[in-house]
Amino acid sequence: MSVLTKMTDDFRQRSRGGWYTSNVVRMVGCLLAALLVVGQADAATLEYNWTVEWVDYSMESLFTRKAIGINGKWPIPAVVGTQGDTLVVHVTNKLEEATSLHFHGLFQNGTNYYDGAVMVTECGVPPAGGTFTYRVALTQAGTFWIHSHSKSQTADGLRMPLVIRDPHEHYTYDDEIILPLQDWFREPASVLMKQFNNADPHVRFRPAIPYGIIGGQCANSKRLQFEAGKTYRVRLSNIGATFDFHFSIDAHPMRVIEIDGVAVKQHVTHGITLSPGQRASVLVSALDTAEWNYMFHADMYTDLLEMPKYNPLNFTGTVEYSPIAKTRRHVRAMPWMAVSDLDLEPLDREPMLDPPDTRVTLNAYSGIFSDQTFRHSFNNITYAAPHVPTILTALTTGDMAMNASVYGHTSNTHVLRHLDVVEVLINNYDYYSHPFHLHGHVFQIIETGSIRQGRVYWKSAMQVPTKRDTVLVRGGGYAVVRFRADNPGVWLFHCHIDFHIMLGLQMTFVEAPDMIQERMGTALPEKFRENCIAQGIKTTGNAAGSRGLDLGNEDAEAPTPYPDRFESYDPPPGWQLISYIIHGNKDDVESIASPTHKGNAESTQSSH
């Protein structure tokens, strides 16, 4: 046992709860990680020159459409590095609109301006030849991904896996397989957006059948090469725009060892479900004989659209032991069984955070707004970008930066004090699921449950709670998460269904504005303000680019909800039962499917 590891254990034993325990453990852990990184003789700078541009992508013989690729390629290959490396990406934007890169799951501690959220932490890389360089320290290890955070560009293809290997990996395995899962539509995102925000539900929910791309290949053609007797780490990531994937391998149990960049005690499962934004690593032990090949399954659940005929969409590939072996098909007795977040225990054994200093309740609703479009909202506020990037408002408004109003009503901002424990209660009043993602942090999942018939508890966390950066909250459900505000910056919290981001289901945490000013006031990259000016974007002042709390007509211009035109969280008959089976329980499904079940639509609407 190393000296620093023993120090960490001693602190845990000598202190009981409170700020002291968790923060000293955190500081010692960070010191240990830092020393390990500094001790790496082979830490490297990974430097890329990327031209972001439209490319033609042919979905085999089915159809060809434009995708946003890099250097003429799509799907975009994975980026692979090692903890301690530095990733430098020089971006040239050849699109007709601003673009950006978000390094999903990376904390960006001290480099909030590289987080990639347009009009939040940057102005975006200008169109028609604009440039910007991202310099990202790879201080974490695990499975992450990179994608645009500008408009609906992720849905149009600007996305790729990011793998950061741990030089001191806890688990042993012979090889790894990087396996991104993504949905892909025949129609570009601009066309689908016009459908999804239509006030007419017959238009909004009409089928838009997605296709699957597994491991960079058209679904059903992917082959995973296995050698008898070896153990493989399969790095799974849902880098799609819209739908959940459920992954399993016939005759091969899996051991979950990581979720969202957090190493966990291995947990045996026969399947794992990943929502957009979520990642996991599983260990799979190959069989001792190469007599047969087997099928893997990446089933896509199309719960967002009224397509019972196509839910789920069953995509398969081959686990190939031998090119001449036949494929043995197994009847899966429990095809939808999946591991629960709350069954997983992080290896770092960070105890449950103290009772919260700050509590935030976020009620997720959807419905028709005053501009006659369908939108999503938190607490009846549908997000609209400010006229000044939020980070620049935090940097240029002095003491006013501590006042949430300076960031504008439609940015839905909560200002957090440094090192506060923040508890967020998320109530999902929609009848479909939302995967909620927090930038700059992982959070502990404290509790999940149902709000359909009062607060029915499903499960509470262990004393060492699960941690991840994206949590799925199913329709009519809730989740309670906690994190410590130990990373000064501007961090979005949003649904990771790309179209729901566009429809307003996001809000902002501004964490320790005084420390943002202290640490980042003179640290902005050279091209940061230049790119704002090139696009006519103001770089000082409040959300409207003015002084103080003078926001002009910002509130008057924002769309407002019609309280009597919200969706209920009870699905139409026969809709989305697949998702309830995966994320709920059998009794729950039967109560929804029952013809006598009336739902809570009336009480839901009155709560607004």
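Everything quoted here is computed from the prediction, not taken from an experiment.

*Asks:* Help me understand the overall build of the protein chain, please; the structure alone is not making it clear to me.
*Replies:* Of regular secondary structure, the protein chain possesses 12 helices and 34 strands. Buried positions account for 59% of the 608 residues belonging to the protein chain. A total of about 24,000 Å² of accessible surface is found on the protein chain, and carbon and sulfur atoms cover 51% of it.

*Asks:* What am I meant to see in the nonpolar core here?
*Replies:* Note that soluble globular proteins tend to have their nonpolar side chains buried in a common cluster. Formed by 60 residues in total, the largest nonpolar core has its most connected members in L87, Y134 and I146. If you tally residues by element for this core, the top one is strand 1 (residues 45–58), at five residues. Once residues lying within four places of it in the same chain are set aside, the contact partners of Y134 are L87, V88, V89, V91, S100, L101, F103, Y114, E122 and V125. With 50 residues, the next largest nonpolar core counts F205, Y232, F243 and F247 among its residues.

*Asks:* Is there a simple way to think about the sheet that holds strand 33 (residues 506–511) in this case?
*Replies:* Remark on secondary structure: sheet strands pair via backbone hydrogen bonds, oriented parallel or antiparallel. Reading across the sheet, the five strands line up as 24-33-32-26-30 and stay open at both edges, with mixed pairing between neighbours. Edge strands, defined here as strands with exactly one partner in the open sheet, are strand 24 (413–416) and strand 30 (470–473). When strand polarity is set aside, the average angle formed by the axes of neighbouring strands in this sheet is 20 degrees. Pairing of strand 26 (residues 434–438) with strand 30, which is carried by four bridges, proceeds in the antiparallel orientation. When the sheet's bridge partners are listed, H434 is paired in strand 30 with V473.

*Asks:* Would you take a moment to explain the confidence of the model for the protein chain for this structure?
*Replies:* Do not read the predicted coordinates in detail wherever pLDDT is low. For the protein chain, per-residue confidence averages 85 on the pLDDT scale, and 82% of positions sit at 70 or higher. A low-confidence stretch, residues 574–608 (pLDDT under 50), is modelled with 67 contacts involving residues beyond four sequence positions or located in other chains.

*Asks:* For this particular structure, what's the right way to read helix 3 (residues 189–196)?
*Replies:* Count 3.6 residues to each turn of an α-helix, and residues three or four apart come out pointing the same way. If you check which residues of helix 3 are buried, you get A189, L192, M193, Q195 and F196. Take helix 3 and look down its axis: the buried residues cluster within an arc of 160 degrees, on one side only. In this structure, the buried residues of helix 3 make contact with strand 2 (64–70), strand 9 (175–185), helix 4 (201–204), strand 23 (374–378) and helix 6 (498–502).

*Asks:* Looking at this model, I keep getting lost on unusual backbone geometry. Mind explaining?
*Replies:* Only a minority of non-glycine residues have a phi that is not negative, and only a minority of peptide bonds are not trans. The omega torsion of the bond from W74 to P75 falls at -5 degrees, within 30 degrees of zero and hence cis. Looking at the secondary structure, you find P75 in the loop between strand 2 and strand 3 (79–82). A positive phi angle, close to 65 degrees, is found at A251, a residue other than glycine. Considering the arrangement of structural elements, one finds A251 in the loop between strand 14 (244–249) and strand 15 (254–259). One non-glycine residue, R349, adopts positive backbone phi at about 55 degrees. You can see R349 is positioned in the loop between strand 21 (326–328) and strand 22 (358–369).

*Asks:* Just to check I follow, could you spell out the sheet that holds strand 13 (residues 231–238) for this structure?
*Replies:* Taken in spatial order, the seven strands of this open sheet run 11-10-9-13-18-15-16, and their pairing is mixed. Of all the strands in the sheet, the pair left with one neighbour each is strand 11 (217–218) and strand 16 (262–269). Inspection of the sheet shows strand 15 paired to strand 18 (residues 279–285) by four bridges, in the antiparallel sense. What sits directly across from E258, in strand 18, is S281.

*Asks:* Help me understand helix 7 (residues 513–520) in this model?
*Replies:* Of all the residues in helix 7, the buried ones are P513, M515, I516 and M520. Down the axis of helix 7, the sector holding all buried residues measures 155 degrees, keeping them to one side. Against the buried residues of helix 7 lie helix 5 (390–396), strand 24, strand 32 (489–495) and strand 33.

*Asks:* I tried to follow the pairing of strand 18 on my own but got confused; where do I start?
*Replies:* Counting buried residues along strand 18, six of its seven residues qualify, which places the element largely inside the surrounding structure. In this structure, strand 13 lies alongside strand 18, joined through seven bridges in antiparallel fashion. Residue V234 lies in a different strand from strand 18, and its bridge partner there is V282.

*Asks:* What should I look at first to understand the packing of aromatic side chains in this one?
*Replies:* The geometry of an aromatic ring pair comes down to the distance between the two centres and the angle between the two planes. For the structure on display, the rule yields 24 aromatic pairs. Each ring, one from Y57 and one from W74, has its centre 4.8 Å from the other, and the planes form 75 degrees; the classification is edge-to-face. Here W74 lies in the loop between strand 2 and strand 3 and Y57 lies in strand 1, a separation of 17 residues in the sequence. Classification of Y57 by relative accessible area gives buried; the value is 10%. For W74, a relative accessible area of 9% puts it in the buried group. Look at Y431 and Y432: their rings are 5.2 Å apart centre to centre, the planes differ by 80 degrees, and that puts the pair in the edge-to-face class. The two residues Y431 and Y432 agree in class, both being buried. Feature note: the residues F103, Y113, Y114, F132 and Y134 constitute an aromatic cluster, connected by ring pairs.

Procedures and definitions
Residues numbered from 1 in each chain as written. Predicted model: local features only at pLDDT ≥ 70, side-chain atom pairs only at ≥ 80, totals over all residues. Heavy atoms only, no water. Helix = DSSP H or I, 4+ residues; strand = E, 2+ residues; numbered from the N terminus. Buried < 20%, exposed > 50% of the residue type's maximum accessible area, 1.4 Å probe, protein only. Areas by Shrake-Rupley, 256 points an atom, 1.4 Å probe, with all protein chains shown as cover. Core = buried A, V, L, I, M, F, W, Y, C linked by side-chain atoms within 4.5 Å. Contact = heavy atoms within 4.5 Å. Pairing = 2+ DSSP bridges. Axes fitted to C-alpha atoms, helices over the stretch in contact; angles between N-to-C directions. pLDDT = per-residue confidence, 0-100. Arc of directions from axis to C-beta. Phe/Tyr/Trp six-rings, centres within 6.5 Å; stacked < 30°, edge-to-face > 60°.

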